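Each chain, letter by letter, is given below.
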Amino acid sequence: MSMDARMPRMPRSFGCTGTLVLVAMLSGCPGEDPEGSSSTTGVVTITATTGPIDPTATGSTSSVDTTAATTSMGSATTGEDSDTGPSVLFDLQPPDGDMGTPPPVMPTCDNLEMLGPTSIGCEFWATAVPASGGAGLGWGVSVGNPFDLDVTVTIEDLRGAGGTLRMFHQFVLGPRESQIIDMNGNVGGVMPGENHTAPFSGMGNNVAFRVSSDSPVTAMQINPIGGAPSFVPDASMLLPINALGQAYYGMGYGAGGFVIAVATQDGTTLNTDAGMQVLDAFDVYTFSIGDPTGFFVGSDKPVAVFSGSSCVNVPAGAGWCDHVEEAVIPLAAWGTSYVAARHPQREPMLSPPIEPVYWRVIAGVDNITIDVDPPGIVPGDQISLAAAGDWTEVSSTQSFVLDAPNDKPFMVVQYMAGGSTVFNATSCTPGPAVGDPYMMQMVPTEQWLTSLPFLTDTSYARDFVLLVRETGTQVELDCLGLVDASHFTAIPGTPYEVGSVQLDNDGMGGEGSCTDGQQFMTSSNPVGVLVGGYDCAASYGYPGGLSLDALWMPPTDPPG
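So, here's what we can say about the structure. Just so it is clear, the structure is predicted and the values come from calculations on it, not from any experiment. (Residues numbered from 1 in each chain as written. Predicted model: local features only at pLDDT ≥ 70, side-chain atom pairs only at ≥ 80, totals over all residues. Heavy atoms only, no water.)

**Quick notes on the overall build of the chain**
Then step 1. Counting its regular elements, the chain contains one helix and 32 strands.
Then step 2. By residue count, 62% of the 560 residues in the chain fall in the buried class.
Then step 3. By sequence separation, contacts in the chain at least 24 residues apart represent 78% of the contacts at least 6 residues apart.
Then step 4. Surface summary for the chain: the accessible area is close to 18,900 Å², and the carbon and sulfur share equals 52%. (Helix = DSSP H or I, 4+ residues; strand = E, 2+ residues; numbered from the N terminus. Buried < 20%, exposed > 50% of the residue type's maximum accessible area, 1.4 Å probe, protein only. Contact = heavy atoms within 4.5 Å. Areas by Shrake-Rupley, 256 points an atom, 1.4 Å probe, with all protein chains shown as cover.)

Structure, rendered in structure tokens:
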């Protein structure tokens, strides 16, 4: 392990027009029958209609042999001189501190490696995780186009004749458009009669899906599709292939945990706390674990890892049970400084005392001591973790800051408490917007961005964005303009402030001209962006986007 490679980076921008696909994290509702809930099938287009599909274009360069594919693979064009070209600019990190700051460039599938990993990409790997609830509902992906040009998106698996590559769906996204694709389930979609889900335990051959595009996009997976009225979905922001790693720690909450590794290349060897496994591309392996927090997965080739729990109560014993999952951020992208920004108080009129938020802090290396500010959040104002993979749980009614030495990376995960901790509703027909558990990784301050597109769901009663900044940083939303000081609350004894903007309230709109749907943030210095929403026994939350720079070189063998 080497920490000497930690390098300062230039702020990276997602530009001034775009969209980030929102995929909701939802939950079970008291008094509701999940099977009676509505669901989305087939394809749902969030914005403009798509153009004609070119059946010869499939997107980015593949990480597996595509000779058996029914389509040819193509590279992207920049469109820099065209009125329909991408309007997003990225700042390159200079290779040498004495070289100065290079000019911004247009991101394409050809130059993403040079630009460095972020949450946009041209190839993503997904799998339907095993989860409680949602019987009869579909699983799928949501893809967003942050550019001012048409983008062709291709979805493939390895279930063609004789185990060959199969393109089973292709579509075109117009400028700043997003689509939800129902791929897998009992309700139809683009794979009629097929249902391919990762096993509850062990090997799943040819279970994964690959999503590729001919220009950078954002992608999420939804399990199951449905929005707040379905009461059972959860979701994960998919990480592009150039951001995947070879070392991960699992995360979840309570019993019924799982950690799923997805191979993107043939002959991938996993080295985990539960032993070694060999996978080929499109294979997955599910490690069934009580509480998956701190379970180590290493590999000799990049893999995607999904982790969570099939049905959790936060805290233990609180209503109501929810399935949670996350596409895990690789260990190499973990940082040493975090702002644990709490979500807004959910129903202050029903429950005036502000409800606590639950957190887990996971060690990336041995012998970590983390300073916590302001005083009084944890005993002694420090968290000490003896070994890599160790974790501790914290609850607090306020936001706080965690800092460790530069050679001691860690992760912070937020959990919304069950809705009964706010108001013990007996039914959601109708019911108050009290929310329910979600699980969301925090973004290290080292991975903050200066501009970011994001999207909110239309099926929730309340939608918000949290903006985490250093004092003096100017932040703007396209629907509001400058976010003034009245939105921000300082974290005592630190240089950080947490701001909250309501984007929608019961479908009536939010602050300024904000409504559900596409949003865009810009800032004078890098900031953290967290997006969420909640309804009766339903909630979602995700980091609005982030840089995924490798900040250190973790080991690929299990600790000890």
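**Some words on the state of the cysteines**
Then step 1. Across all of its chains, the model carries four disulfides by this definition.
Then step 2. Between Cys428 and Cys536 runs a disulfide, and the two sulfur atoms are separated by 2.2 Å. Since a negative S-S torsion denotes a left-handed disulfide, the Cys428-Cys536 link at about -75 degrees is left-handed. With Cys428 in the loop between β23 (410-415) and β24 (439-441) and Cys536 in the loop between β31 (518-535) and β32 (538-543), this residue pair connects regions lying 108 residues apart in the sequence. Accessibility classification places Cys428 together with Cys536 in one group, the buried group.
Then step 3. One disulfide in the model links Cys479 with Cys514; its S-S distance is 2.0 Å. The disulfide joining Cys479 to Cys514 has a torsion of about 70 degrees about its S-S bond and is therefore right-handed. Of the two residues, Cys479 sits in the loop between β27 (475-477) and β28 (481-482) while Cys514 sits in the loop between β30 (496-505) and β31, which places them 35 residues apart along the sequence.
Then step 4. Cys479 gets classed as buried once you look at its relative accessible area, which sits at 10%.
Then step 5. Overall, Cys514 belongs to the buried group, its relative accessible area being 1%. (Disulfide = S-S within 2.5 Å.)

**Quick notes on the sheet that holds strand β20 (residues 382-385)**
Then step 1. Spatially, four strands are ordered β17-β22-β19-β20 in an open sheet, and the strand pairing comes out antiparallel. Looking at the sheet topology across the chains shown, the edges are occupied by β17 (337-340) and β20. With strand direction ignored, the average angle separating the axes of adjacent strands in the sheet is 20 degrees.
Then step 2. Note that strand β19 (residues 368-373) and β20 share four bridges and pair antiparallel. From the neighbouring strand, Ile368 faces β20, where its bridge partner is Leu385. (Pairing = 2+ DSSP bridges. Axes fitted to C-alpha atoms, helices over the stretch in contact; angles between N-to-C directions.)

**Concerning the sheet that holds strand β18 (residues 357-363)**
Then step 1. Spatially, β21-β18-β23-β24 is the arrangement adopted by the four strands of the open sheet, whose pairing is antiparallel. Two strands close off the open sheet at either side, each with one partner strand: β21 (391-396) and β24. Adjacent strand axes in the sheet meet at a mean angle of 25 degrees when their direction is disregarded.
Then step 2. The pairing of β23 with β24 spans three bridges and is antiparallel. Bridged to Val413 within β24 is Gln441.

**Things to note about the environment of Ala386**
Then step 1. Looking at where Ala386 falls in the secondary structure, it is placed in the loop between β20 and β21.
Then step 2. It is 4.5 Å that separates the C-alpha atoms of Ala386 and Asn367, two residues lying 19 residues apart in sequence.
Then step 3. Excluding residues that lie within four positions of it along the chain, Ala386 makes contacts with Asp366 and Asn367.

Everything listed here is a matter of coordinates, which is why it stays silent on function.
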